[in-house]
Amino acid sequence: MPKANLLDFDLDGLAAFCERLGEKRFRATQLFRWIHQRGASDFGQMTDLAKSLREKLATTACVTPLSVLSQHESADGTIKWLFDVGDGNAVEAVFIPEDDRGTLCVSSQAGCAVGCRFCSTGHQGFSRNLGTGEIVAQLWHAEHFLRAHLKREQRVISNVVMMGMGEPLQNYAALVPALRVMLDDNAYGLSRRRVTVSTSGVVPMIDRLGADCPVALAVSLHAPIDSLRDDLVPLNRKYPIAELIGACKRYLDHAPRDFITFEYCMLDGVNDQPEHARQLVELVRTHGISCKFNLIPFNPFPASGLLRSPAPRVAAFARVLSEAGLVTTVRKTRGDDIDAACGQLAGDVKDRTRAAERMAQRRTIALHPVRQKADPTPTAQEH
Ligand code: SF4
């Protein structure tokens, strides 16, 4: 029988595993702390576990992290890892240090099936869901690498955003136990307010997340009206904006924060006009949703055929929202020198499903023409 990778378990799962070995729950808690709080992967190190348990673990279990294909550190302290998940697939995690927090952006899938026009990952197509252990392993590696690298004994990562490669709510079964590991005081002990799931709008799963494991929610909106959003975020054809906002409102009954964050990627000549900002204000007012807007400077890549909105236009857009009383931020670009945007390194590894060709076809029938000149400067942007 293959050994169980203990990174795959939340505490309840690990307790059930230990029970099968004839061990009590408190042993699972000890083991869980060794793995996640201390970064141990060798059972021989776990000196307060009974020798008999260590021997049983050695034959039935392992703590197997992901292999690191590459690590890039930006001049601004941003670190990006490319992890091997087998069969030529790779996923990325990005650490973004700030004065008052350390945020890790985590991937949930190898590739993505949603196929948003402005997203490098979407252009690579979908390969497979990550397992819980593969999601957790990104945090495990980053946290324990950073503690050693920065010579810190205390926690370095205070925030996790599920905004890397993939649509997390299309990998729900693996996502929820991974979130529970992040939140567990015997593991990383992150606050629910500091763990964010970012979704392109999988409406039924927003409701389930609210019931099962409410954390902060960010929604990739990117357009104020269905005709435009259908083109940018194809999932909108299944779950249009009114349904999505309805799910967001229901989520707020459970959420640890009293607002939803709407992510809005600013695309030159596509969704960045004052009229679009006014339509957003109208949308929010009509539905009475408590929200904040995060405007994201687009990270151009050649296959998208899209350009970043000029900074003055982003500022004018933000002004319309702010003057209407909506809290609006413009995302700082980080890690420009290491391509710290979703899918950019992994895209060099594999184009999985000829998604780029399908995207190019879609562009030719797009309702909203865009200029075709590529700006090579990357910035961070995902969902
Ligand atoms: S933005 Fe998110 S949901 Fe859309 S294609 Fe990219 S990874 Fe998938």
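Reading guide: rules and limits
For every chain, the first residue of the written sequence is number 1, and numbering continues from 1 onward in sequence order. Totals for whole chains, interfaces and linings use every residue, but because this is a predicted model, local features are given only for residues with pLDDT of at least 70 and side-chain atom pairs only at 80 or more, for both listing and counting. Strands are runs of DSSP state E lasting at least two residues, helices are runs of H or I lasting at least four, and both sets are numbered from the N terminus onward. Here the contact rule is simple: place C-beta atoms from the backbone, and any two residues whose C-beta atoms are within 7 Å are in contact. Two strands form a pair only when DSSP identifies at least two bridges running between them. Lines are fitted to the C-alpha atoms to define the axes, a helix being fitted only along its stretch in contact, and any angle between axes, read from their N-to-C directions, falls within 0 to 180 degrees. Take the buried Ala, Val, Leu, Ile, Met, Phe, Trp, Tyr and Cys residues, join any whose C-beta atoms are within 7 Å, and the set you get is a nonpolar core. Counting other C-beta atoms within 10 Å of a residue's own tells you its class, since 20 or more makes it buried, 12 or fewer makes it exposed, and anything in between is partly exposed; those C-beta atoms are placed from the backbone. Start and end points for every domain follow an automatic or database-based domain assignment. Each helix should span, by expectation, one fewer than its residue count multiplied by 1.5 Å.

Draft legend 1. Looking closely at the environment of V195. In this fold, V195 is placed in strand β10 (residues 195-199). Taking the C-alpha atoms as reference points, V195 and V160, separated by 35 residues in sequence, lie 4.8 Å from one another. Beyond its immediate sequence surroundings of up to four residues, V195 is in contact with V160, L179, M182, L183, L190, V215 and A216.

Draft legend 2. Up close: the sheet that holds strand β5 (residues 89-98). Ordered by their spatial adjacency, ten strands build an open sheet running β3-β4-β5-β6-β9-β10-β11-β12-β13-β14, and the pairing between neighbours is mixed. Of all the strands in the sheet, just β3 (67-73) and β14 (327-330) have a single pairing partner and so form its edges. Adjacent strand axes in the sheet meet at a mean angle of 20° when their direction is disregarded. As paired elements, β3 and strand β4 (residues 79-86) share six bridges and run antiparallel to each other.

Draft legend 3. Representation of the nonpolar core within the structure. In terms of nonpolar packing, the biggest core is built from 102 residues, with L14, L104, L139, V160, M182 and M266 touching the most fellow members. When we break this core down by domain, the ones giving at least three residues each are domain 1 (4-62) and domain 2 (67-364). Excluding residues within four positions of it along the chain, L14 makes contact with L6, F9, A28, L31 and F32.

Draft legend 4. Seen up close, helix α6 (residues 172-183). Here α6 contains twelve residues, and its C-alpha end-to-end distance of 16 Å stays within 8% of the 16 Å for a straight helix at 1.5 Å per residue. Among all positions of α6, only A174, L175, P177, A178, L179, V181 and M182 are buried. Contacts from the buried residues of α6 go to α1 (11-20), α2 (25-37), β8 (126-129), α5 (132-150), β9 (159-162) and β10.

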